[in-house]
Number of protein chains: 2
Amino acid sequence: LAKTRIVPAKPESGIPAVLLVRQDTLFVLDQRKLPRSVTYVTCTTASEVAAAITSMAVRGAPAIGLCAALGLAVVAKRSAHMSPDAFVRKMERAAGRIAAARPTAADLGAVVRRILDALHEAPPKTRVDAVVATAEAVKTELEAACARISQEGARLLEGRRRLMTYCNTGSLATGVGHGTALGAIIEAARSGKVEKVWVPETRPYLQGSRLTAFELWCAGIRPTVIPDSAAPSVIAAGEVDAIVVGADRIAANGDVANKIGTYGLAVAASLAGIPFYVAAPLSTFDIGCRDAAQIPIEARSGAELVQEVWGKAWGRRISAYYPAFDVTPGEFVTAIVCEEGVLEPPYPGAIRSVLAARQ
Amino acid sequence: LAKTRIVPAKPESGIPAVLLVRQDTLFVLDQRKLPRSVTYVTCTTASEVAAAITSMAVRGAPAIGLCAALGLAVVAKRSAHMSPDAFVRKMERAAGRIAAARPTAADLGAVVRRILDALHEAPPKTRVDAVVATAEAVKTELEAACARISQEGARLLEGRRRLMTYCNTGSLATGVGHGTALGAIIEAARSGKVEKVWVPETRPYLQGSRLTAFELWCAGIRPTVIPDSAAPSVIAAGEVDAIVVGADRIAANGDVANKIGTYGLAVAASLAGIPFYVAAPLSTFDIGCRDAAQIPIEARSGAELVQEVWGKAWGRRISAYYPAFDVTPGEFVTAIVCEEGVLEPPYPGAIRSVLAARQ
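Residues numbered from 1 in each chain as written. Chains lettered and ligands numbered in written order. Predicted model: local features only at pLDDT ≥ 70, side-chain atom pairs only at ≥ 80, totals over all residues. Heavy atoms only, no water.

Section: the relation of the copies chain B and chain A
Least-squares fitting of chain B to chain A yields an RMSD of 0.0 Å, with the superposition described by an axial translation of 0.0 Å and a rotation of 180°. With respect to symmetry, the two chain copies, as superposed, fit the operation of a two-fold axis. (Least-squares fit on C-alpha atoms with pLDDT ≥ 70 in both.)

Structure (structure tokens):
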């Protein structure tokens, strides 16, 4: 596996593998370096997996969950020689460390709990296999969920020729499969009737202008990048027929936590009378959160926002506040697309039903 | 005049001179380099003045107008040896070149027309003096207008402890005096009762995190920089008591063209039930524009947005659209502060009256 290669200048070359396991090592595509170069971070310990998530080498709620699963599988295989008790303690510590890497995405905690459950339920001799098999199951299910979400989402977007998305929700964000909201757009574009895909750049990490633009380019679709601040007026000008975004956590009442800036797009869409769709796997739903107020919102370091401009001593001169997510009230969401189909308001009942049917 | 010096690490050191004339040369503070260094671009010809404006070494509608005035005065003094006819032709060409440097700000065209009128009305022997005197008058009037706007605006902000502004509307944007919207905030802060000033960074030029943050820091006020995309949710969360922004052009019906992103703030303010004020000198009003549809909106090169990420060949791979301004319908504007006082809806009548009283 080449650790660094320059992205080829040709489109339709495909997205590089996001998460790969080789010889009990997890290779994590460093998304901070895209689109200029394809570089992998290697992880063999829980600290390295947590660091890959915290530093945003890997990002996107489903990809973070999958990274945690594959990372725990690697730790399990590397700890196979331990005594049964030591192995369980080791895995519990690893799980705790990885689960704490980022607070907002629902998938991370859910995946880690699922792996710990499998570990605790398995007889001592099959614990390693149980962890590895659960990680594989997370991957397979996510791939199937993405395929279904892309298809359902594309159906919803039929006849809408000018689309807008936000942040990145393609295969880079899910780690496997075709992504969620961006998967729906790419699927919809197969009809040949999508004329424009608006991509706000998504400061400061630039998930839009770096990652979504890259994925669209790889899919042979020419994106139109705009400043985040331009999105509301582009929507108000009647230049967008539908918006579809992902989610990091969806509360029981349909409130959606997603990349900071999502709320402003939803409000503009509502004023302009165009649909605002959210596409996300069921693993994103958290009925333990009654509404937005109960979703923890990560505040990242202001350094990511201002250090480049003000230098390392920025904190002595100015303050900076960089919440990584905001919350869009369910009333602004036209529909939520998940692998079980399309949920429409009122959301509390629709979400309860779809999750109950799952169990 | 030192051409480059590093900004001192101490606050309250004052803003460096924005526009200076020395020995028939116009020195233009290069705002692209702030806050890291204080560098001046020198202009002795109309092309150099136009380039300083187009390249955004100087920006802000009133500062652009003042730069044009002082630039034309320099060209006039350097052309004093010409024959009367050649002098007029030279000045007309210079005026045309400078007026075309940027399309949206109302002040630029108005100032250039005023200088040409003075030129054409003056007897041949006093033409140079007429141009220089008119440029000086533009400067003096702007300084007085800024002082009045800051005071009127501060009165309007009384009792509002957490303020938000956008882009830069301080002395850097007016070139002289204390600015408009930011002047009002700095004036309001003298009461000691302003607790927070939210400053969206204003991509891609970063007028917020570079210039407004710098001016506030120089004034001894600690700004809080946020991503542009975070502003709507910070407003929705009840963290802002009032918003005050500037304007690049105000139509006869009260529609306001201002930095791209303003519309999204106005909409969020309206939903949150907080006042959204516009502070601008009368030179910003253009009753020749009936409404927003008649205001020309400058589209700057997409390279400013994506070249850093995608490299010079970006255009072969992706599209980028960077409108420099958007339009906020007058219905979202709580009041407009100008040097004649505070205008309230309905704007068509209020604007007609204040401009009529002026003449």
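Overview of the packing of aromatic side chains
Taken as a whole and judged by the stated rule, the model has 8 aromatic pairs over all chains. An angle of 40° between the planes, with centres 6.1 Å apart, marks the rings of A:Phe214 and A:Trp217 as tilted. Here A:Phe214 and its partner A:Trp217 are both found in helix α8 (residues 207-218), 3 residues apart, which amounts to about one turn of the helix. The same class applies to A:Phe214 and to A:Trp217, which are both buried. Seen in terms of ring centroids, A:Trp310 and B:Trp217 are 5.9 Å apart; in terms of plane orientation they differ by 85°. Their pairing is edge-to-face. Linking A:Trp310 in helix α11 (residues 303-310) with B:Trp217 in helix α8 (residues 207-218), this pair reaches from one chain into another. (Phe/Tyr/Trp six-rings, centres within 6.5 Å; stacked < 30°, edge-to-face > 60°. Helix = DSSP H or I, 4+ residues; strand = E, 2+ residues; numbered from the N terminus. Buried < 20%, exposed > 50% of the residue type's maximum accessible area, 1.4 Å probe, protein only.)

Structural notes on the pattern of salt bridges
Residues and elements named next belong to chain A. Inspection of the entire model under this criterion finds 34 salt bridges over all chains. Residue Lys 77 pairs with Asp 24 through a salt bridge whose shortest N-O separation is 3.6 Å. With Lys 77 in helix α2 (residues 61-78) and Asp 24 in the loop between β2 (19-22) and β3 (25-29), this pair connects stretches of sequence that are 53 residues apart. With relative accessibility at 32%, the residue Lys 77 sits in the partly exposed group. Asp 24 sits in the partly exposed class, given a relative accessible area of 29%. The structure contains a network of salt bridges with shared partners spanning Arg 102, Glu 298, Arg 300 and Glu 304. (Salt bridge = Lys/Arg side-chain N within 4 Å of Asp/Glu carboxyl O.)

Points about the state of the cysteines
Residue and element names in this part refer to chain B. Counting across every chain of the model gives 0 disulfides over all chains. Note on Cys 289: no disulfide assigned, nearest cysteine sulfur contributed by Cys 338 at a separation of 18 Å. For Cys 338, a relative accessible area of 0% translates into the label buried. (Disulfide = S-S within 2.5 Å.)

Some remarks on the sheet that holds strand β10 (residues 256-259) of chain A
Residue and element names in this part refer to chain A. Strand order in this open sheet of 4 strands is β12-β9-β10-β16, and the pairing throughout is mixed. The strands lining the two open edges of the sheet, one partner per strand, are β12 (285-286) and β16 (325-328). Of the pairings in the sheet, the one linking β10 to β16 comprises 4 bridges and is antiparallel in character. Each residue of the ladder has a partner; that of Asn 258, found in β16, is Asp 326. (Pairing = 2+ DSSP bridges.)

Focus: helix α4 (residues 106-121) of chain B
All names here are of chain B. Under the 1.5 Å per step criterion, the end-to-end length of α4 is 23 Å for 16 residues, consistent within 8% with the ideal 22 Å. Taken as a whole, α4 has its buried residues at Ala 106, Asp 107, Leu 108, Val 111, Val 112, Ile 115, Ala 118 and Leu 119. Packed against the buried residues of α4 are α1 (46-54), α2 (61-78), α3 (84-99), α5 (127-156) and β9 (249-251). (Expected span 1.5 Å × (residues − 1). Contact = heavy atoms within 4.5 Å.)

Digging into the confidence of the model for chain A
Residue and element names in this part refer to chain A. Residues of chain A with pLDDT of at least 70 account for 96%, and the chain-wide mean is 94. Counted against residues more than four places away or in other chains, residues 1-9, with its pLDDT under 50, gives 27 contacts. Per the prediction output, this complex has pTM 0.93; the corresponding ipTM is 0.93. (pLDDT = per-residue confidence, 0-100.)

Comments concerning the interface of chain B and chain A
Opposite the 50 residues of chain B that make contact, chain A presents 50 residues. Of the roughly 4000 Å² buried where chain B meets chain A, counting both sides, 63% is carbon and sulfur surface. One can count 2 salt bridges joining chain B with chain A. Inspection of the chain B/chain A interface yields 24 residue pairs in polar contact (both at pLDDT 80 or more). (Buried area = accessible area lost by both parts, 1.4 Å probe. Polar contact = N/O pair within 3.5 Å; in protein donor to acceptor, adjacent residues only side chain to side chain.)

Considerations on the side chain of B:Asp286
Residues and elements named next belong to chain B. With respect to the element layout, Asp 286 can be found in strand β12 (residues 285-286). Within the local environment of Asp 286, its side chain forms a polar contact with the side chain of Arg 249, the two groups lying 2.7 Å apart. For Asp 286, the contacting residues outside a window of four places in its chain are Arg 249, Ile 250, Ala 251 and Ala 252.

Structural notes on the pairing of strand β10 (residues 256-259) of chain B
The two faces of a sheet get side chains in turn, since along a regular strand they alternate between them. Residue and element names in this part refer to chain B. Note: β9 against β10, 2 bridges, orientation antiparallel. Across the sheet, Ile 250 pairs through a bridge with Val 256, a residue of β10. Between the end of β9 and the start of β10, which pair antiparallel, lie 4 residues, with Gly 254 showing a positive phi angle near 95°.

Things to note about the packing of helix α7 (residues 181-189) of chain A against α8(A)
Packed helices, taken two at a time, are described by the angle their axes make and the gap between the axes. Residues and elements named next belong to chain A. Close contact between α7 and α8 brings their axes to 11 Å; oriented N to C, the two are set at 30°. Considering the angle they form, α7 stands roughly parallel to α8. Crossing hand, α7 versus α8: right-handed. Residues Leu 182, Ile 185 and Ile 186 of α7 form the contact with α8, whose participating residues are Thr 212, Glu 215 and Leu 216. Of the residues contributing to the contact of α7 with α8, the split by class is 4 nonpolar, 1 polar and 1 charged. (Axes fitted to C-alpha atoms, helices over the stretch in contact; angles between N-to-C directions. Parallel < 35°, antiparallel > 145°, perpendicular 65-115°, else oblique. Left-handed = near helix turned anticlockwise from the far one by under 90°. Nonpolar A, V, L, I, M, F, W, Y, C, P; charged D, E, K, R; others polar.)

A look at the nonpolar core
Counting residues in each nonpolar core, the largest one holds 209 residues, and the members touching the most others are A:Met164 and B:Met164. Not counting chain neighbours up to four residues away, the residues in contact with B:Met164 comprise B:Ile185, B:Trp198, B:Pro200, B:Ile226, B:Ala231, B:Val234, B:Ile235, B:Val240, B:Ala242, B:Ile243, B:Val244 and B:Leu265. (Core = buried A, V, L, I, M, F, W, Y, C linked by side-chain atoms within 4.5 Å.)

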